[in-house]
Amino acid sequence: MSGFELTTPEPISEAELVFEGALRPKSLDEFVGQAKVRGQLQLLLQAAGIQGRTADHILLAGPPGLGKTTLAMIVAHESDKPLRMSSGPAIQHAGDLAAVLSSLVPGEVLFIDEIHRMARSAEEMLYLAMEDFRIDIMVGKGAGATSVPLDLAPFTLVGATTRSGMLPNPLRDRFGFTAHLEFYDESELEQVLFRAARMLNFDIDRAGLAEIAGRCRGTPRIANRLLRRVRDYVLVHGGAADLSAVKAALTLYDVDELGLDRLDRAVMEIMLTRFGGGPVGLNTLAVSVGEEAETIESVVEPFLVRIGLITRTPRGRVATPQAFAHFGAPNPQGSFLPGVL
Ligand SMILES: Nc1ncnc2c1ncn2[C@@H]1O[C@H](COP(=O)(O)OP(=O)(O)OP(=O)(O)O)[C@@H](O)[C@H]1O
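Residues numbered from 1 in each chain as written. Predicted model: local features only at pLDDT ≥ 70, side-chain atom pairs only at ≥ 80, totals over all residues.

Further remarks concern the sheet that holds strand β2 (residues 83–87). Ordered by their spatial adjacency, five strands build an open sheet running β2-β3-β6-β1-β7, and the pairing between neighbours is parallel. Edge positions in the sheet fall to β2 and β7 (177–180), since each has one partner strand and no second. Strand-to-strand twist in this sheet, taken as the mean axis angle between neighbours without regard to direction, amounts to 15°. (Pairing = 2+ DSSP bridges. Helix = DSSP H or I, 4+ residues; strand = E, 2+ residues; numbered from the N terminus. Axes fitted to C-alpha atoms, helices over the stretch in contact; angles between N-to-C directions.)

Have a look at this one:
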């Protein structure tokens, strides 16, 4: 397995999904970090509980692996209601959505992951469903077609997206609350890791946990994955699970001190060498590294911006002086930020 796969924020195997399931916090109290979002969700769920109604629809936005699915499960758990899971790519026709919506029980929480990838016709059906708990079903074809209204049980929609900018306004406006999930800071990631190590019965010291926390791209899913690789390393090589074991394991898997993976490094190297630090347009960058523009925009770029290696300007992406320093590349603009100053 390469460092790229290790630090990719998406789940990479069936086994990992099972492992993730076991580690998922079950309640808002157990959920580490995202203090603001937790407080906002708590209020929303409590108010709905007091009034005995279903909670407003919730949109969870942010890069992969930060806990959107976990939060959807928590919403259902805290409301004491069942959870139905679906995803945008699985809803390619309005009929797919109608089948799901018409079988919901009162109060059910419907989670639609990657909601920005749902078919347009289904999206339009969802507007009415979210607002009035009703859909119109078309019966027949051509001139004889009629629309038959169908009442739905009240439900709470939890939508998740890595690209909230791609959601049409009418859909975005129908969510009562949008939570923007942020990358986690190192002390929060240490708590995530501490909890996971305890659940795995893995006796690793604090310095080791802190090192993993600094190399996991601010992402709990990656933190848990790196922890498993360190556990493998100690299992095979023996000795204590400490800082030096963590460093050796992560060096073996090619995860650098900043947690950059192969794709991050490819993007940075192209920006620094071929484009002299930029500005470079998103599509040019994507073509240069042979990746989808969507992956660069929703996975690579947010992290590189967050750790201060690139900035976004109206003219394109620009490498910062820290980026030149980190990669040891000569900066053609001296200490100035091209395109910014
Ligand atoms: N705040 C948290 N506290 C503890 N563990 C967390 C937290 N957030 C996420 N995790 C863990 O990280 C893993 C990934 O979380 P989750 O699947 O919810 O992410 P996601 O944002 O839905 O990602 P994707 O959009 O790629 O599905 C899970 O194993 C979960 O247990």
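There's plenty left to go through after this.
Look at the UniProt record and you will see "binding site: Mg(2+)" (unreviewed entry) annotated at Thr-69. Position of Thr-69 among the secondary structure elements: in helix α4 (residues 68–79). Since 21 C-beta atoms lie within 10 Å of it, Thr-69 is described here as buried. The residues contacting Thr-69, other than those within four sequence positions of it, are Asp-113 and Ala-160. (UniProt positions renumbered as here; feature names shortened; annotations may be inferred. Buried ≥ 20, exposed ≤ 12 C-beta atoms within 10 Å, placed from the backbone. Contact = placed C-beta atoms within 7 Å.)

Compared with an ideal rise of 1.5 Å per residue, which puts 13 residues at 18 Å, helix α12 (residues 262–274) spans 17 Å between its outermost C-alpha atoms and is within 8% of the ideal. Those residues of α12 that fall on the buried side of the exposure criterion are Asp-264, Val-267, Met-268, Met-271 and Leu-272. Looking straight down α12, one finds that the buried residues subtend no more than 120° of arc, so they occupy a single side. α12 presents Thr-273 and Arg-274 as exposed residues on the side facing more than 90 degrees away from its buried surface. Buried residues belonging to α12 abut α13 (282–289), α14 (293–306), β9 (316–319) and α15 (321–327). A positive phi of about 55° marks Gly-276, the residue just after α12. (Expected span 1.5 Å × (residues − 1). Arc of directions from axis to C-beta.)

This part covers the packing of α12 against α13. Two elements in contact, α12 and α13, have axes separated by 10 Å at closest approach and are oriented at 115°. Regarding the angle of α12 to α13, the classification is roughly perpendicular. The handedness of the crossing between α12 and α13 is right-handed. Seen from α12, the contacting residues are Leu-263, Ala-266, Val-267, Ile-270 and Arg-274; seen from α13, they are Leu-285, Ser-288 and Val-289. Broken down by class, the residue content of the contact of α12 with α13 amounts to six nonpolar, one polar and one charged. (Parallel < 35°, antiparallel > 145°, perpendicular 65-115°, else oblique. Left-handed = near helix turned anticlockwise from the far one by under 90°. Nonpolar A, V, L, I, M, F, W, Y, C, P; charged D, E, K, R; others polar.)

Taking the UniProt record as the reference, the feature "domain: AAA+ ATPase" (unreviewed entry) is found at residues 54–187. When the span residues 54–187 is considered, its composition is 30% helix and 27% strand, and the gap between its end C-alpha atoms is 35 Å.

Moving on: the nonpolar core. Membership of the largest hydrophobic core comes to 43 residues, with the highest contact counts inside it found for Leu-193, Ile-212, Ala-223, Leu-226, Leu-227, Val-230 and Ala-319. Mapped onto this core, the elements with two or more residues apiece are α8 (186–199), α9 (206–214), α10 (220–237), α11 (243–252), α12, α14, β9 and α15. Broken down by element, the residue count for this core peaks at six residues, all from α10. Among the domains, domain 2 (186–252) and domain 3 (262–327) are the pair contributing at least three residues each to this core. Excluding residues within four positions of it along the chain, Leu-193 makes contact with Leu-209, Ile-212, Ala-213, Ala-223 and Leu-227. Listed in part, the 40 residues of the second largest apolar core include Ile-58, Leu-60, Ile-91 and Val-158. (Core = buried A, V, L, I, M, F, W, Y, C linked by C-beta atoms within 7 Å. Domains from an automatic or database assignment.)

Turning our attention to the domain arrangement of the protein. Split by domain assignment, the protein resolves into domain 1 (34–180), domain 2 (186–252) and domain 3 (262–327). Distance from the C-alpha centre of domain 1 to the C-alpha centre of domain 2: 36 Å.

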